[in-house]
Amino acid sequence: MLPVAERLRYQEDGNPIADLYVNLLARAMDKERIGEAHPAFVHIIGQLAPDEVLFLTQLFDLRDHIYLREGQQSPGMLKQEGLVRLRQIYGESDFYESLASALVEPEALAQPELFSTFLSHLVTLGVVEYTNKPEQALEKINRSILGYEMHYIRLSQFGRLFCGACLNAS
């Protein structure tokens, strides 16, 4: 608990990083849930940017999410642009609706142009993973014709534990 309190000392009020430390400290002090406060979480929090915390909150509903981009060098598409692209391809179908509800929202970040960087960093921390399990209907589509890449991402098992302890104070 001392490392958490020490790092918390240097955080500003209202900073999402400070909230993670407070939630982790609360979890570590809860006798019934202390096992959810992994010692590595202190170091992970210290490596996060505030936008990465916002991104983790998007992934916290524990389902697969979709990240769209045009080629490897481009940042992720904003959700509105992704919705337009998906509607052009799938029309107003149930399949479109399921894809649309799973799109991530880079525009919710202060620096959406760094979304790909944040995603890569969270993957290296072991908090987020690529699922590489596209829905069956997507397997039939030639992605090179579509002109964009579609990646499925989600919290890893470790990431779910991290978010449960640090994002969720209850």
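Just above, that's the structure.
Residues numbered from 1 in each chain as written. Predicted model: local features only at pLDDT ≥ 70, side-chain atom pairs only at ≥ 80, totals over all residues. Heavy atoms only, no water.

**Student:** Help me out: how do you make sense of the pairing of strand β3 (residues 149-155) in this one?
**Tutor:** In regular strands, side chains alternate between the two faces of the sheet. Of all seven residues that make up β3, five are buried, and the element is covered over most of its length. In terms of strand pairing, strand β1 (residues 65-69) meets β3 through five bridges, oriented antiparallel. Among the inter-strand pairings, Arg-69 is bridged to a residue of β3, identified as Glu-149. Bridge count for strand β2 (residues 128-130) against β3 is three bridges, and the pairing is antiparallel. From the neighbouring strand, Tyr-130 faces β3, where its bridge partner is Ile-153. (Buried < 20%, exposed > 50% of the residue type's maximum accessible area, 1.4 Å probe, protein only. Helix = DSSP H or I, 4+ residues; strand = E, 2+ residues; numbered from the N terminus. Pairing = 2+ DSSP bridges.)

**Student:** I'm lost on the packing of aromatic side chains in this one. Help?
**Tutor:** For any pair of aromatic rings, the description rests on two quantities: the centre-to-centre distance and the angle between the ring planes. Counted under the stated rule, the structure contains four aromatic pairs. Taken together, the aromatic side chains of Phe-41, Phe-158 and Phe-162 make up a single cluster linked through ring pairs. (Phe/Tyr/Trp six-rings, centres within 6.5 Å; stacked < 30°, edge-to-face > 60°.)

**Student:** Explain the packing of helix α5 (residues 79-90) against helix α6 (residues 94-102) here, please?
**Tutor:** The relative placement of two packed helices comes down to the angle between their axes together with the axis-to-axis distance. Their axes nearest at 10 Å, the elements α5 and α6 cross at an angle of 165 degrees. Taken together, the axis directions place α5 and α6 in an arrangement best described as roughly antiparallel. The two elements α5 and α6 meet at a crossing, and its hand is right-handed. Within the contact between the two elements, α5 uses Lys-79, Leu-83, Leu-86, Arg-87 and Tyr-90 and α6 uses Phe-95, Tyr-96, Leu-99 and Ala-100. Of the residues in the contact of α5 with α6, the class split is seven nonpolar, no polar and two charged. (Axes fitted to C-alpha atoms, helices over the stretch in contact; angles between N-to-C directions. Parallel < 35°, antiparallel > 145°, perpendicular 65-115°, else oblique. Left-handed = near helix turned anticlockwise from the far one by under 90°. Contact = heavy atoms within 4.5 Å. Nonpolar A, V, L, I, M, F, W, Y, C, P; charged D, E, K, R; others polar.)

Such coordinate-based values are descriptive only and should not be taken to indicate function.
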